[in-house]
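Observations on the three-dimensional arrangement
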Amino acid sequence: TDGISNSTSGVLLETVGENLRMRGYGIFLGICNYRHDIALNYLHSFSSGTVDGVINMVGGIGANEAYSECAGLPVVTYLRPGSSPVCLDVLGSAILALEHLWGLGHRRIGFIASSGTRSPEVPVDERELGFRQFCAKRNIDFCESLIAMGDDTPKSGYAGASKLVKAGATAIFAGNDMMAVGVLQWAHEKGIDVPKELSVIGYDDAPIARAVAPPLTTVQFPIVELAEKTVAGLMLLMEGREWGQTEMLSPKLIVRNSTMRA
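So, here's what we can say about the structure. (Residues numbered from 1 in each chain as written. Predicted model: local features only at pLDDT ≥ 70, side-chain atom pairs only at ≥ 80, totals over all residues. Heavy atoms only, no water.)

**A few points about the nonpolar core**
- Core analysis: the largest hydrophobic core is formed by 36 residues, its most contacted members being Leu-12, Val-16, Phe-131, Phe-173 and Leu-226.
- Elements that contribute at least two residues to this core include exactly α1 (7–22), β3 (86–88), α4 (90–103), β4 (109–114), α5 (126–137), β6 (171–174), β7 (199–204) and α9 (223–238).
- If we ignore the near neighbours within four places in the chain, the residues touching Val-16 are Ile-27, Ile-55, Met-57, Ala-227 and Val-231. (Core = buried A, V, L, I, M, F, W, Y, C linked by side-chain atoms within 4.5 Å. Buried < 20%, exposed > 50% of the residue type's maximum accessible area, 1.4 Å probe, protein only. Helix = DSSP H or I, 4+ residues; strand = E, 2+ residues; numbered from the N terminus. Contact = heavy atoms within 4.5 Å.)

**Some words on the sheet that holds strand β5 (residues 147–150)**
- Here we have six strands laid out as an open sheet, ordered β5-β4-β6-β7-β8-β10, and mixed in their pairing. Each of the sheet's edge strands pairs with one partner strand only, and the pair in question is β5 and β10 (252–254). In this sheet, adjacent strand axes meet at a mean angle of 20° when their direction is disregarded.
- Where β7 and strand β8 (residues 217–220) come together, four bridges link them in parallel fashion. Following the sheet pairing, Gly-202 is matched in β8 by Thr-218.
- Along the sheet face, α4 touches β4, β6, β7, β8 and β10 and points at about 160° away from the line of β7.
- Across the face of the sheet, helix α7 (residues 177–189) comes into contact with β4, β5, β6, β7 and β8 while running at roughly 160° to β7. (Pairing = 2+ DSSP bridges. Axes fitted to C-alpha atoms, helices over the stretch in contact; angles between N-to-C directions.)

**As for the packing of aromatic side chains**
- Throughout the structure, instances matching the rule amount to six aromatic pairs.
- Between Trp-102 and Phe-134 the ring centres are 5.9 Å apart and the planes differ by 80°, which places this aromatic pair in the edge-to-face class. Residue Trp-102 is located in helix α4, and its partner Phe-134 is located in helix α5; the two are separated by 32 residues in the primary sequence.
- When its relative accessible area of 16% is taken as the criterion, Trp-102 is described as buried.
- With a centroid separation of 6.5 Å and an interplanar angle of 50°, the aromatic rings of Phe-173 and Tyr-203 are classed as tilted. Of this pair, Phe-173 sits in strand β6 while Tyr-203 sits in strand β7, and the two are 30 residues apart along the sequence. (Phe/Tyr/Trp six-rings, centres within 6.5 Å; stacked < 30°, edge-to-face > 60°.)

Spelled out as structure tokens, the structure:
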């Protein structure tokens, strides 16, 4: 995996580990901190016979590269079309979040893109694609000033909030909850009331989304189901079988106190 600083990643890995233990397997975790070379070293070391199967959660390592480095070991590349038994409708869920803000009367919506969602199979942030499609659907004059680039950290959310509010945004959709927390921090320091003056939506429904003030409206994806189906898919490969068609799961919107009518 790239890292576990995002609390959602920690919950996911704990759930994957529990599912493996239920089947009599342990988990060997390699954290590469977004370093392509370190990730390749981990995958190559797995090919020596130390493991029975691999779940590749590194965004920058595609399914073909992972399979090649693992020298024929069973490999599931997490949430990649065709290479995982389960994927997420990320684009559709982004539009769901934006429609919520639109329904509250917001017409200047800012977006903070998530760098961690890009991969060789999906080279663009599907949340950003959803944002652009939403603007086209609603006949909104698209403005690049309403997009900020983030790196999944509160610091980048803080910087993005400053840019987007200056561009006139009355609501911000952040590509993950950690960046949304940065938006809340910026608003607090600037004396901007959330949600009366600025509505904020995150993505992930990480544990921190319920702990901040105000609690975050966010897009929740089914971590338990994702973990269970990912592990089940790996087990099938280890048995010499296949899972058939990739199943698409739809995240849902969890409305809390960080959004309100404009």
